Amino acid sequence: MAIIDHDAELARAGANVSGKLGQTLFLARRYPLGAVGALIVLLFIFTAVFANVIAPMDPTATNAKFSLAKPGSLYLLGADFMGRDMFSRIVHGARISLAVGAGATLLGGVLGVSIGLMSGYIGGWVDLATQRVMDIMQSLPLLVMALVMAASLGPSLENTIIAIAIPLVPSVARVVRSSTLSLREQPFVEAARAVGMGEARIAVRHVLPNTLAPLIVLATAQLGSAILTEASLSFLGLGIPEPYPSWGRMLSESAAEYVRTAPWLVIFPGVAISLTVFGTNLLGDALRDILDPRQRT
């Protein structure tokens, strides 16, 4: 019969961890890839918030004298064909990516939560009609639907957020609806009805909070998708217009003509996009394992 070291098992489960810092360090040790993803996301947010301090040079200022300058002491990551500092453009481009990613995720989440909660809680013909609309929207890939929306609305920061947010709605609505269908049959909902609480209040106050765990995981995945979609739209000329320093537009301006003569114009924006999306995906996987007991090992 195997001897179980109860103290070691309790320590492995984090039973002796106390304080916010201790809990954070315990989760970082248990989910190292998630910790790496969280650090990347925090670095991305820090760069976006303090872009003016990190890169004080104007990202839109041109200087023909230094056109296609190589990375060096004057231009840390080189200069583009208009003599604009690539380091400043990439740092300030983090603001655009954060604004579009967070804005599209938030807008799509609010719309998706509202639709999914209403569809799952009311049921009947409302649920049937709503889900058929969601089926139509979800039949198109995210990028294709975003392209259609962006082409219809026109290139601007606000329109890009809307164009990316709308395709995110069906996935959020489906997650909230599936959770609501099971939650509305729970005893605590019946108890709330028994004391005379209104249906709308039950849905918002009791059902909605219990759907937040999967939404947090979904939001991190959608944040990365939104950033990647914004870069794709800007690359195709339908995203963020000039003079905003968008990572995707940097690639579209340089990829075809300067990829051989000035590869830094393609490499550094591509690394910024890849690293940000990679970090959000790692963080989302870790949050899934932390918040869903069925995923824990």
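The numbering scheme is per chain: residues are counted from 1 as the chain's sequence reads. Local features in this predicted model are restricted to residues of pLDDT 70 or higher, and side-chain atom pairs are both shown and tallied only at a pLDDT of 80 or more, whereas totals for entire chains, interfaces and linings draw on every residue. To get the side-chain values, all heavy atoms of the structure are used, and hydrogens and water are removed first.

Once that is clear, we can look at the overall build of the chain. Across its full length, the chain holds 13 helices and 0 strands. Put simply, DSSP H or I for four residues or longer makes a helix, DSSP E for two residues or longer makes a strand, and each gets a number counted from the N terminus. Reading the chain from its N terminus to its C terminus gives the helix and strand order α-α-α-α-α-α-α-α-α-α-α-α-α. Considering only C-alpha atoms, the chain reaches an extent of 75 × 60 × 35 Å along its principal axes. Categorising residues by exposure relies on relative accessible area from a 1.4 Å probe, with only protein chains included: less than 20% of the type maximum marks a residue as buried, more than 50% marks it as exposed, and the intermediate range marks it as partly exposed. The buried share of the chain, reckoned over its 297 residues, is 41%. Whether two residues are in contact is decided by their heavy atoms, any of which lying within 4.5 Å being enough. Residue pairs at least 24 apart in sequence account for 67% of intrachain contacts in the chain once pairs closer than 6 positions are excluded. To measure how exposed things are, a 1.4 Å probe is used in the Shrake-Rupley method; for residues, cover is taken only from the protein chains shown. Summing over all exposed atoms, the chain offers an accessible surface of approximately 15700 Å²; the carbon and sulfur share of this is 68%. Seen as two clouds, the 21 positive and the 19 negative side-chain charges of the chain have centres 1 Å apart. For the purpose of counting charges, residues Lys and Arg are taken to be positive, whereas Asp and Glu are taken to be negative. His and the chain ends are not included. To locate a charge, the coordinates of NZ of Lys, CZ of Arg, CG of Asp or CD of Glu are taken.

Here we take up the packing of helix α5 (residues 86-122) against helix α8 (residues 157-183). The relative placement of two packed helices comes down to the angle between their axes together with the axis-to-axis distance. Every angle, taken between N-to-C directions, lies between 0 and 180 degrees, and every axis is a line fitted to C-alpha atoms, over only the stretch in contact when it is a helix. Between α5 and α8, the least distance of the axes is 5 Å, while the angle of their chain directions is 35°. As α5 packs across α8, the resulting crossing turns out to be right-handed. Under the grouping applied here, Gly and all other residues not named as nonpolar or charged are polar, the nonpolar ones being Ala, Val, Leu, Ile, Met, Phe, Trp, Tyr, Cys and Pro and the charged ones Asp, Glu, Lys and Arg. Among the residues forming the contact of α5 with α8, the class breakdown is 21 nonpolar, 10 polar and 1 charged. Helix crossings get a hand from a simple test, with the near helix turned counterclockwise from the far one by less than a right angle marking a left-handed crossing and a clockwise turn marking a right-handed one.

Below, the discussion takes up the environment of K70. If you trace the backbone, K70 turns up in the loop between α4 (51-54) and α5. Spatially, the C-alpha atom of K70 lies 45 Å from that of G22, the residues being 48 residues apart in sequence. Residues in contact with K70, not counting those within four places in the same chain, are Y75, G78 and W264.

Criterion for a salt bridge: a side-chain nitrogen of Lys or Arg within 4 Å of a carboxyl oxygen of Asp or Glu. Within the structure shown, the criterion is met by 7 salt bridges. Across the pair D135 and R174 runs a salt bridge whose closest N-O atoms are separated by 1.9 Å. You can see D135 sitting in helix α6 (residues 124-138) and its partner R174 sitting in helix α8, a full 39 residues away along the chain. A residue is classified by how much of its surface remains accessible, and R174, at 27% relative accessible area, is partly exposed. Between R184 and E185 there is a salt bridge, and its shortest N-O distance comes to 3.3 Å.

What follows deals with the side chain of S156. Within the secondary structure layout, S156 lies in the loop between α7 (142-153) and α8. For S156, a relative accessible area of 18% gives the class buried.

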